[in-house]
Amino acid sequence: MRYSAWFVFAFYAIISVLLLVTGNNYQRSVYLTSANIVTGSVYKGASQITGYFHLKSINRDLEANNALLQNEVLNLKNQLAQYRVLASDSLLPITYSDRFGYVAAAVINNNTSHPKNFFTIDKGQQDGIKSGMGVVDHNGIAGIVNVTGPHMSRVISLLNETQHFSVKLKGTEFIGSLCWKGGDPTIGYVEEIPRHAEYNIGDTIVTSGYSTTFPEGIPVGKVLSRVKSGDDSFFTLKIKLASDFRSLSTVRVIKDIYKTEIDSLAEFDELKLD
Amino acid sequence: MTLSTNWLLTWAFLSGFIVDLFSDTPGVNSLSCILLAVVKRPVLYAYIPKDDRTKDIQPSLANLGFAAYAKYLLTMSVIYCFMVFIIEYFSFGDVKEIVIMASSSSVLTFGLLLGIDSLMVTKRD
């Protein structure tokens, strides 16, 4: 009797350790995540109730954002009118608004307390969501799609120590790497900024546009201070993240119509180099 | 209701696994739960008199009394929370953070479980 108990223990321990190890190989664990139909629908029900709690602050943010966008539309209309006068020829390259499409989704499960955080959204393969797509909320970037089910997807949150994002100081070409180091969900770090880069406290950090995941210029956060870095030729900035991950509720998934094209070019390159 | 050791381990694994499914932490809670099931009896026996150490005794406020049960519960909460955080961080690089998070979680877990248990006692009376 005692011996069989040890066998049972060993059996479950091996399963757990396997889960622990293969869990890192995310694509293989599709059905053991919150993108699964059963867990997904439970979360969907729960979030329909809890979703109301953050409405007030989200509405305030949206109003502010709306005002900003209206201003921008007016400015752009003016600029466009000026350009129309200048260039009657309409051989313009494809614009960002044509290249990127958005799919709105609701966050049905979200975590900020782990070292590796994920959240789950209620859109999946049937809505055209694919692994690797960028996810933004109304304030800034939120994460990257990781595992997709037919109706749900799991997203690697920006608050995940393993995930890095290519960002830059707004208005410059100084590129850095954004990461989160655990703890406070409102604080992030931008590493590998060249030492000669100039910045001020409060400057905006935006996405660099060097990947197919995010278009250029999506807000990421604001510079708080400079922190010591191991490498002398680079420095690290501590930033306040634009998105509030504790009240994430509605997000947009970014589709890039050129994604497959650009990715296959990158693969082609790798093949040639090998 | 008493469970054989094998069933105890099975329930422990399943409950941990379900928590893992919902929190995207594959293996973390299932491993912690089965290890907790293994130390259940030794911990329990450490806090009760020798005469009571039969297979049938189940840890609860009603069976053990407050002092022994509180000690049992606190020990189990501390073991579980430290296991979860150690497995989740998977390194001792940030011991301070692990200790802070695990201890505060232990206190919270202990308080919640004691609260639930005291509710069940008053219902039975």
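Before any of the text, the structure's been laid out above.
The model shown is predicted, which means the values in this text are computed figures rather than measured ones. (Residues numbered from 1 in each chain as written. Chains lettered and ligands numbered in written order. Predicted model: local features only at pLDDT ≥ 70, side-chain atom pairs only at ≥ 80, totals over all residues. Heavy atoms only, no water.)

A. Broad picture of the overall build of chain A. Looking only at helices and strands, one finds five helices and 12 strands in chain A. Across the 274 residues that make up chain A, the buried fraction comes to 42%. For chain A, the share of sequence-separated contacts (at least 6 apart) that also reach a separation of at least 24 residues comes to 62%. Of the roughly 15,900 Å² that chain A leaves accessible, carbon and sulfur atoms contribute 57%. (Helix = DSSP H or I, 4+ residues; strand = E, 2+ residues; numbered from the N terminus. Buried < 20%, exposed > 50% of the residue type's maximum accessible area, 1.4 Å probe, protein only. Contact = heavy atoms within 4.5 Å. Areas by Shrake-Rupley, 256 points an atom, 1.4 Å probe, with all protein chains shown as cover.)

B. Structural context of the overall build of chain B. Helix and strand counts for chain B come out as five helices and zero strands. When the helices and strands of chain B are placed in sequence order, the string is α-α-α-α-α. Split into buried and exposed, the 125 residues of chain B put 41% on the buried side. Residue pairs at least 24 apart in sequence account for 55% of intrachain contacts in chain B once pairs closer than 6 positions are excluded. Carbon and sulfur atoms make up 71% of the accessible area of chain B, which amounts to about 7,100 Å² in all.

C. How the structure looks around the sheet that holds strand β1 (residues 100–110) of chain A. Residue and element names in this part refer to chain A. Spatially, the six strands close up into a barrel ordered β1-β2-β5-β4-β3-β12, and their pairing is antiparallel. For this sheet, the mean angle separating the axes of adjacent strands, direction not counted, is 45°. Both β1 and strand β2 (residues 116–121) contribute to a ladder of three bridges, which runs antiparallel. Among the inter-strand pairings, Asn 109 is bridged to a residue of β2, identified as Thr 120. (Pairing = 2+ DSSP bridges. Axes fitted to C-alpha atoms, helices over the stretch in contact; angles between N-to-C directions.)

D. Layout of the interface of chain A and chain B. Between chain A and chain B, the residue contacts involve 31 residues of the former and 27 residues of the latter. Carbon and sulfur atoms supply 68% of the area buried between chain A and chain B, which totals about 2,400 Å² over both sides. The three residues of chain A that bury the most area against chain B are Phe 9, Tyr 12 and Leu 20 of chain A, which together make up 25% of that side's buried surface. At the boundary of chain A with chain B, the tally comes to one salt bridge. (Buried area = accessible area lost by both parts, 1.4 Å probe. Salt bridge = Lys/Arg side-chain N within 4 Å of Asp/Glu carboxyl O.)

E. Seen up close, unusual backbone geometry. The phi angle at Glu 192 of chain A is positive, at roughly 60°, despite the residue not being glycine. Positionally, Glu 192 of chain A belongs in strand β8 (residues 187–194). The partly exposed category is assigned to Glu 192 of chain A, whose relative accessible area is 47%. Here Asp 24 of chain B, not a glycine, exhibits a phi torsion of approximately 55°, which is positive. By secondary structure assignment, the location of Asp 24 of chain B is in the loop between α1 (5–23) and α2 (28–47).

F. Geometry of the pattern of salt bridges. The tally for this structure, following the rule as stated, stands at five salt bridges over all chains. Arg 154 of chain A is paired through a salt bridge with Asp 24 of chain B; the nearest N and O atoms lie 3.1 Å apart. With Arg 154 of chain A in strand β5 (residues 153–160) and Asp 24 of chain B in the loop between α1 and α2, this pair bridges two chains. For Arg 154 of chain A, a relative accessible area of 1% corresponds to the buried category. Through salt bridges with shared partners, a single ionic network connects Lys 168, Glu 173 and Glu 216 of chain A.

G. Representation of α2 of chain B within the structure. Taking 1.5 Å of rise per residue, 20 residues should cover 28 Å, and α2 of chain B covers 28 Å from first to last C-alpha, within 8% of that figure. The set of residues buried in α2 of chain B consists of Val 28, Asn 29, Ser 30, Leu 31, Ser 32, Cys 33, Ile 34, Leu 36, Ala 37, Lys 40, Val 43 and Leu 44 of chain B. (Expected span 1.5 Å × (residues − 1).)

H. Representation of the packing of aromatic side chains. Summed over all chains, the structure comprises eight aromatic pairs over all chains. Consider the rings of Tyr 43 of chain A and Phe 22 of chain B, whose centres lie 5.3 Å apart with planes at 75°: the pair is edge-to-face. Of this pair, Tyr 43 of chain A sits in helix α2 (residues 37–50) while Phe 22 of chain B sits in helix α1, each in a different chain. Each member of the aromatic cluster is reached from another via a ring pair, and the members are Phe 11 and Tyr 12 of chain A together with Phe 13 and Phe 17 of chain B. Above the plane of the ring of Tyr 102 of chain A lies Arg 252 of chain A, whose end atom (NZ or CZ) is 4.9 Å from the centre. (Phe/Tyr/Trp six-rings, centres within 6.5 Å; stacked < 30°, edge-to-face > 60°. Lys NZ or Arg CZ within 6 Å of the ring centre and 35° of its normal.)

I. A look at the nonpolar core. With 39 residues, the main nonpolar core has Ile 141, Leu 178, Ile 205, Leu 237 and Ile 239 of chain A as its most contacted residues. In this structure Leu 178 of chain A touches Ile 141, Leu 158, Gln 163, His 164, Phe 165, Val 167, Tyr 189, Val 190, Val 220, Ile 239 and Leu 241 of chain A, once residues within four positions along its chain are discounted. Ranked by size, the runner-up nonpolar core spans 31 residues in total, among them Ala 12, Leu 36, Ile 48 and Tyr 69 of chain B. (Core = buried A, V, L, I, M, F, W, Y, C linked by side-chain atoms within 4.5 Å.)

J. Just the sheet that holds strand β9 (residues 204–207) of chain A, in detail. With respect to topology, six strands assemble into a closed barrel ordered β6-β7-β8-β11-β10-β9 (chain A), the strand pairing being antiparallel. Geometrically, the sheet is characterised by an average inter-axis angle of 40° between neighbouring strands, direction not taken into account.

Purely geometric numbers; function is a separate question.
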